[in-house]
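Below, each chain spelled out in residue letters.
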Amino acid sequence: MTGLVGPNGAGKTTIMAMLLGLVRPTDGTGRVLGHDLGDPTAYLHRVGALIEGPAFFPGLSGRQSLEHLALLGGHDPARIPGVLELVGLDEREGDAFRSYSLGMKQRLGIAASLLGDPDLVILDEPTNGVDPAGMRDIRAMIRRIASEGRSVLVSSHLLAELEAVCDHLVVINRGGLQYEGDLASLPTAAGGSLSLRTLRAADAPRLVELLRNQGLEAAVDAGDIPTLRVDLGGLAGAQLAADLNDRAHAAGITLSELHENHDSLEDRVLALVGEGVRS
């Protein structure tokens, strides 16, 4: 499961179009499923895709739409019941496309991309315009598609959605590669932080002093019992949290809160593609 992210104009759609043989690269090289990018006919029969919104005849049912596509693409129509079940439309297959919700239309488009039993599935903004419940359903569907042994490339501007399904990430900006690797290894925006809070208000100043004695400065949030935030600055958060917990306990300070704050995927990507950052 690979997410392709970057700001508007970064080149995401161009990359997907090149992978599908819709745009010819002017320079460089690439390979898809072992074949040269310049010869898409060698691999396109192993690729399924949903680019932008799905387009079907409004009056045809979901099943009829897939039957026509299977005929045009030379795909086995026996796959239709299985893909309809996978995307959760098996009980609505007889309904006209015009009656489908936006989420159902997206799911039918994904079903169409699976007709040829592809090894690679390319999805461009699969949750675009879909409500939260529909997003959840599509996330589960994408995980299931990948669990069947397929590679899935997903582009989305909803980074929280990608964070929920992807384990690999490609970040581009202005046509250049900014990052490629595991999602967990993407650099943090500010090094992360620890949040600490004492059970008793009177212990908060003592905790600030304890942190200062360890060479740590804490930002103090307002409140009857303030929350202290310590920037990690590259330190290992789990180890520092354990050490501070031991020291607070030894000093007779009871902590009601101690946890490491992680930058969201959005924070990390924005820091990576910020002004002046180039590959």
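Overview of the structure. (Residues numbered from 1 in each chain as written. Predicted model: local features only at pLDDT ≥ 70, side-chain atom pairs only at ≥ 80, totals over all residues. Heavy atoms only, no water.)

### Looking at the sheet that holds strand β12 (residues 255-261)
Line of reasoning, step 1. Read across the sheet, four strands follow the order β10-β11-β9-β12 without closing on themselves; strand pairing throughout is antiparallel. Every other strand in the sheet has two partners, leaving β10 (219-220) and β12 as the edge strands with one partner each.
Line of reasoning, step 2. Relative to strand β11 (residues 227-231), strand β9 (residues 193-198) is paired through five bridges, and the arrangement is antiparallel. In the strand pairing of β11, R197 is matched with T227.
Line of reasoning, step 3. Strands β9, β10, β11 and β12 of the sheet are contacted by helix α7 (residues 204-213), whose axis makes an angle of about 10° with β11.
Line of reasoning, step 4. Strand contacts of helix α8 (residues 237-250): β9 and β12, with the helix running at about 165° to β12, the strand carrying the most contacts. (Pairing = 2+ DSSP bridges. Helix = DSSP H or I, 4+ residues; strand = E, 2+ residues; numbered from the N terminus. Contact = heavy atoms within 4.5 Å. Axes fitted to C-alpha atoms, helices over the stretch in contact; angles between N-to-C directions.)

### Quick look at helix α5 (residues 132-147)
Line of reasoning, step 1. Between its first and last C-alpha, α5 extends 23 Å over 16 residues, near the 22 Å set by a 1.5 Å rise per residue.
Line of reasoning, step 2. Residues of α5 that are buried: G134, M135, I138, M141, I142 and I145. Buried residues of α5, viewed axially, fall in a sector of 125°; they line one side. When the buried face of α5 is taken as reference, the exposed residues oriented beyond 90 degrees from it are P132 and S147.
Line of reasoning, step 3. Turning to α5, the residues buried within the fold contact α3 (80-86), α4 (102-113), β5 (120-124), β6 (151-155) and α6 (159-165). (Expected span 1.5 Å × (residues − 1). Buried < 20%, exposed > 50% of the residue type's maximum accessible area, 1.4 Å probe, protein only. Arc of directions from axis to C-beta.)

Geometry only, nothing functional implied.
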